[in-house]
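These are the residues of each chain, in order.
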Amino acid sequence: MWGLGILKGMAVTMRNAMRGPITVRYPDQRLPLPERARWAVSHRYDENGRPKCTACLICVKECPDHILSIAVSRTADGGKHIDSYRYELGACMMCGLCVEACPYDAIEMSHEYELASADQGDLVRELLHDVDAASPRRAASPAKEAADA
Amino acid sequence: MSDIGRIGPSTGVVPTEGAHRIPVLPRGLRRAPSGIDEVATEHLIVNMGPQHPSTHGVLHILLELDGEVVVAAEASLGYLHRGIEKLVEHRRYHQIGTLLDRADYVSGLHSETALAMAVESLAGIEVPEKAQWIRSLVMEVNRITSHMLWLGTFGLDLGAMAPFLYTMREREALLDILEAITGSRMMFNYVRPGGVLADLPAGIGVALDTFLATFDGYMDEYDTLLGGNEIFVERVRGVGVIDATTATAFGMTGACLRAAGVDYDVRKAAPYAAYAHVEFEVPLGTVGDCWDRYAVRMEELRWAGRLIRQLLDGMPEGDHTAKVPKGLRPPAGESYAAVESPRGELGIHLVSDGSDRPYRMRLRSPAYFNLAVIDEALSGGLVADAVATLGSLDIVLGEIDR
């Protein structure tokens, strides 16, 4: 009979109309992000609150879009000083290659995902500003540093 | 093939030698078929897209219409051109995948795998068994998400609103699973030369089990909603016929080719990843009309579900990746690797000059070849059927324009 299929389809639609919602009411309710979810890049800090970044610039070289830049100067004792660590959030495609490349585990793909902003300035972030870089030796072996101190 | 620039009488009544001499009309004008000689009619050229909602992205089609009948169609491409093939020449081998995700943004894992296979054959990398199985698994999950999007939008094109909402439900469930595996919902960057980025996370088998338990029921629902709907069937049956000869002549692949009855599937013809170790059938159509393309893809969806089950059950133990140096420098040479993406044979041709970046990369986009047939497929049909035919081709402009 012509039209029977349409009626069966209507039954399916009706069944779906009766069931409960499958979505959540964002932003009041949120779904948890899986652990591996990759969002904005952020820095990691050691137990003393100092950044783990050693300013080795590997992440800068690794980024396919060239959106990371680090301005480094030398301190009096020969160490590295990070004047600024600039991250162009608006151009980031969150591929995670910088984080994979970092030998010191100093950066991570955070779970910060509400990145829209009415201010264009928010799309460029200065992740680190005027801080001493961790020494590569210290970052590689925190235990050794504790022994030194 | 006719083109838009050369317009002439085609479906109208051709003036015969009569009692009175008929004046030569300007190009593009022809006589009304009713015999009213004074009234001349004209072919109309309609721009379909690039903002048309059923052109699946930014496709611009010039339709030459004779009333309701399409006389010629020409696709105008390039609105989404980003120069990916050129950009790749400035990326190291492990960075290329990030761009290829954005070529075919609906099924990124397939282009990533094709690239990984091309790099592996260039550099002679042996991929661990487990990585091969994970690749197949995520590709089949990706195939379902891609086909779900096609199914929903194909319904939308034909005026069926409900299936779109329901297919998004399944797509969401699988995108969540893919996010748990790869870290991203669409721009995966997961399959790398040498293997995959990371092993499957704990609990992913349970998540896929939960999905597969409901999947067949949902597929039956779609069959009721679309395949059983008389209006839908009448809109697609016998519409946009692309026969086997035309399809092969245009280099079509994937479901569009198989709908015409040609048995060609890269997974069977040249098994890659773990496809040699699993059992599956390749559904074939007969006529090559929109209905066949619909039916073939629906059957492919069901097979993808069964493949996921087999791949989960047979998942071997071992490493998820081989040791590959970051600054990979394959020896000079060429390689080609192809995968069966949801749209057809997606191939990557790499040329290496021995440096850490490819000298040239060429992406064989299946949707590009499938779209090339548009003039043959639309000509002679009704303008209302154009969206049906276009929807059934399942094009992704990101991959066509690159």
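Along each chain, numbering runs from 1 in the same order as the chain's sequence is written. To read the labels, note that chains go from A and ligands from 1, taken in the order they are written. Owing to the predicted nature of the model, reporting of local features is limited to residues with pLDDT of at least 70; listing and counting of side-chain atom pairs is limited to 80 or more, with chain, interface and lining totals taken over all residues. Water and hydrogen atoms play no part in the side-chain values, which are based on all heavy atoms of the structure.

S.K.: So, the overall build of chain B: which residues are in play, and what are the values?
M.R.: Each helix is a run of DSSP H or I of at least 4 residues and each strand a run of E of at least 2, with the numbering of both proceeding from the N terminus. Along chain B, the regular secondary structure elements total 15 helices and 10 strands. Only heavy atoms enter the contact rule, under which two residues are in contact if any of them lie within 4.5 Å. A fraction of 70% describes how many contacts in chain B between residues 6 or more apart in sequence connect residues 24 or more apart. Accessible surface, chain B: about 15500 Å² in total, of which carbon and sulfur atoms supply 56%. Per-residue accessibility takes into account occlusion by the displayed protein chains alone, with areas from the Shrake-Rupley method and a 1.4 Å probe.

S.K.: Explain the packing of aromatic side chains to me, using residue names and the numbers behind them.
M.R.: All names here are of chain B. Here the aromatic set is Phe, Tyr and Trp, taking the six-membered ring for Trp, and pairing holds for ring centres within 6.5 Å; pairs whose planes are under 30 degrees apart are stacked, those over 60 apart are edge-to-face, and all others are tilted. In the structure shown here, the tally under the stated rule is 10 aromatic pairs over all chains. Taken together, a centroid distance of 5.4 Å and an interplanar angle of 15° make the contact between Trp150 and Phe154 stacked. With Trp150 and Phe154 both in helix 4 (residues 129-157) and 4 residues apart, the pair spans about one turn of that helix. Relative accessible area decides the class of each residue, using a 1.4 Å probe on protein chains only: under 20% of the type maximum gives buried, over 50% gives exposed, and in between gives partly exposed. Residue class for Trp150 comes out buried when judged on its relative accessible area of 1%. In textbook terms, an aromatic cluster arises when at least three aromatic residues are bridged by ring pairs, as seen for Trp150, Phe154, Phe232, Trp291 and Tyr294. Over a ring means this: the NZ of a Lys or the CZ of an Arg is within 6 Å of the ring centre and within 35 degrees of the ring normal. Across from the ring centre of Trp303, 4.5 Å away, lies the NZ or CZ of Arg306, which sits over that ring. Looking at Arg402, its charged tip hangs above the ring of Tyr368, at a distance of 6.0 Å from the centre.

S.K.: Could you give me a rundown of the interface of chain A and chain B, with the residues and numbers involved?
M.R.: Contacts between chain A and chain B engage 29 residues on the former and 33 residues on the latter. Interface area lost by chain A to chain B is led by Arg36, Arg38 and Met93 of chain A, which between them contribute 26%. Note on definitions: salt bridges are taken to be side-chain nitrogens of Lys or Arg within 4 Å of carboxyl oxygens of Asp or Glu. On the surface where chain A and chain B come into contact, there are 4 salt bridges. Note that Glu100 of chain A is salt-bridged to Arg192 of chain B, the shortest N-O span being 2.7 Å. We define a polar contact as two N or O atoms separated by no more than 3.5 Å, with the added condition that, inside protein, one atom must be a possible hydrogen donor and the other a possible acceptor, whereas residues neighbouring each other in sequence contribute only through side-chain atom pairs. Where chain A packs against chain B, one counts 17 residue pairs in polar contact (both at pLDDT 80 or more). Elements with a minimum of two residues in the side of chain A that touches chain B: helix 1 (4-18), helix 2 (58-62) and helix 3 (97-101) of chain A. Here the element with the most residues in the side of chain A that touches chain B is helix 1 of chain A; it accounts for 9 residues. Throughout this entry, Asp, Glu, Lys and Arg are counted as charged residues, while Ala, Val, Leu, Ile, Met, Phe, Trp, Tyr, Cys and Pro are counted as nonpolar. The remaining residues, Gly among them, count as polar. Residues belonging to the side of chain A that touches chain B are distributed by class as follows: 15 nonpolar, 5 polar and 9 charged. Buried area is calculated as the accessible area (1.4 Å probe) missing from two parts once they are joined, with the contributions of both summed.

S.K.: Describe helix 11 (residues 290-313) of chain B, and please don't skip the residues or the numbers.
M.R.: With 24 residues, helix 11 of chain B should reach 34 Å at 1.5 Å per residue; the first-to-last C-alpha distance of 35 Å fits that figure. Counting buried positions along helix 11 of chain B yields 18 of 24 residues, so the element is predominantly enclosed. In this scheme, a helix's expected span is set at 1.5 Å multiplied by one less than its residue total.

S.K.: I'd like a description of the sheet that holds strand 3 (residues 80-88) of chain A, backed by residues and values.
M.R.: All names here are of chain A. A strand pair is defined by DSSP finding two or more bridges across the two strands. The sheet built from 3 strands is open, its strands ordered 2-3-5 with antiparallel pairing. Whereas interior strands pair on both sides, the edge strands pair on one side only; in this sheet they are strand 2 (68-74) and strand 5 (124-132). If you compare each strand with its neighbour and ignore which way they point, the axes differ by 10° on average. Relative to strand 3, strand 2 runs antiparallel, the two being bridged by 7 bridges. Bridge pairing in strand 3 places Leu68 opposite Tyr87. Every angle, taken between N-to-C directions, lies between 0 and 180 degrees, and every axis is a line fitted to C-alpha atoms, over only the stretch in contact when it is a helix.

S.K.: Describe in detail the packing of helix 6 (residues 204-227) of chain B against helix 11 of chain B, supporting the description with residues and values.
M.R.: Residue and element names in this part refer to chain B. At a minimum axis distance of 10 Å, the contact between helix 6 and helix 11 shows a crossing angle of 165°. The pairing of helix 6 with helix 11 is recorded here as roughly antiparallel in orientation. For the element pair helix 6 and helix 11, the recorded crossing hand is left-handed. On helix 11, the residues that touch Gly205, Leu208, Asp209, Leu212, Phe215, Asp216, Met219, Asp220, Tyr222, Asp223, Leu226 and Gly227 of helix 6 are Trp291, Tyr294, Met298, Leu301, Arg302, Gly305, Ile308, Arg309 and Leu312. Considered class by class, the residues forming the contact of helix 6 with helix 11 number 12 nonpolar, 3 polar and 6 charged. The scheme is simple: roughly parallel for angles under 35 degrees, roughly antiparallel for over 145, roughly perpendicular for 65 to 115, oblique for anything else. Note: crossing handedness is left-handed where the near helix turns anticlockwise from the far helix by less than a right angle, and right-handed where it turns clockwise.

S.K.: With reference to specific residues and values, describe the pairing of strand 8 (residues 333-341) of chain B.
M.R.: Residue and element names in this part refer to chain B. Relative to strand 9 (residues 344-352), strand 8 runs antiparallel, the two sharing 9 bridges. Counterpart to Ala338 in the pairing with strand 9 is Gly347. Connecting strand 8 to the next strand, strand 9, in antiparallel fashion are 2 residues.

S.K.: Tell me what's going on with the confidence of the model for chain B, and back it up with residues and numbers.
M.R.: All names here are of chain B. Per-residue confidence for chain B gives a mean pLDDT of 84, with 89% of residues at or over 70. Taking the mean pLDDT of every element in chain B, the minimum, 58, falls on strand 1 (residues 29-31) and the maximum, 92, on strand 8. The score called pLDDT rates the predictor's confidence residue by residue, from a low of 0 to a high of 100. In the predicted structure, residues 1-19 sits below a pLDDT of 50 and forms 31 contacts with residues beyond four places in sequence or in another chain.

S.K.: Mind laying out the nonpolar core, listing which residues take part and the relevant values?
M.R.: All names here are of chain B. Formed by 86 residues in total, the largest nonpolar core has its most connected members in Ile144, Tyr190, Tyr294, Ile348, Leu350 and Met361. Setting aside residues no more than four positions away along its own chain, Tyr190 makes contact with Leu109, Glu112, Ile134, Val138, Ile181, Thr182, Val196, Leu197, Ala198, Asp199 and Leu200. One finds Ala73, Ile242, Cys256 and Ile374 within the second-largest nonpolar core, a separate group that totals 25 residues. Think of a nonpolar core as a cluster: buried Ala, Val, Leu, Ile, Met, Phe, Trp, Tyr and Cys residues, connected wherever their side-chain atoms sit within 4.5 Å.

S.K.: I'd like to hear about helix 5 (residues 162-182) of chain B, residue by residue, with values.
M.R.: The first and last C-alpha atoms of helix 5 of chain B sit 30 Å apart over 21 residues, in line with the 30 Å expected at 1.5 Å per residue. Backbone geometry just downstream of helix 5 of chain B places Gly183 of chain B in the positive-phi region, at approximately 100°.

S.K.: With reference to specific residues and values, describe the sheet that holds strand 4 (residues 60-66) of chain B.
M.R.: As a general point, the strands of a sheet are linked pairwise by backbone hydrogen bonds and lie either parallel or antiparallel. Residue and element names in this part refer to chain B. Here 3 strands make up an open sheet; going across it, the order is 3-4-5 and the pairing antiparallel. Because the sheet does not close on itself, it has two edges, and the strands there are strand 3 (44-48) and strand 5 (69-76). Adjacent strand axes in the sheet meet at a mean angle of 20°, parallel and antiparallel pairs treated alike. The pairing of strand 3 with strand 4 spans 5 bridges and is antiparallel. By the bridge assignment, Ile45 is partnered in strand 4 with Glu64. Along the sheet, helix 14 (residues 383-393) contacts strand 3, strand 4 and strand 5; its crossing angle with strand 4, the most-contacted strand, is approximately 150°.

S.K.: Which residues make up the packing of helix 3 (residues 108-123) of chain B against helix 4 of chain B, and what are the values?
M.R.: All names here are of chain B. Relative to each other, helix 3 and helix 4 sit at 150°, their axes nearing to 8 Å. Here helix 3 is positioned roughly antiparallel relative to helix 4, judged by the angle of their axes. In this structure, helix 3 contributes Gly108, Leu109, His110, Thr113, Ala116, Met117 and Glu120 to the contact, and helix 4 contributes Arg135, Val138, Met139, Asn142 and Arg143. Across the contact of helix 3 with helix 4, the residue classes tally to 5 nonpolar, 4 polar and 3 charged.

S.K.: Can you tell me about the environment of Arg360 of chain B, naming the residues and giving the values?
M.R.: All names here are of chain B. Following the sequence through the fold, Arg360 ends up in strand 10 (residues 358-364). Since its relative accessible area comes to 32%, Arg360 is described here as partly exposed. A sequence separation of 272 residues divides Arg360 from Val88, and the C-alpha atoms of the two residues are 7.7 Å apart. Among all residues touching Arg360, those that are not within four sequence positions of it are Glu85, Glu89, His349, Leu350 and Val351. A distance of 3.1 Å separates a polar atom in the side chain of Arg360 from a polar atom in the side chain of Glu85.

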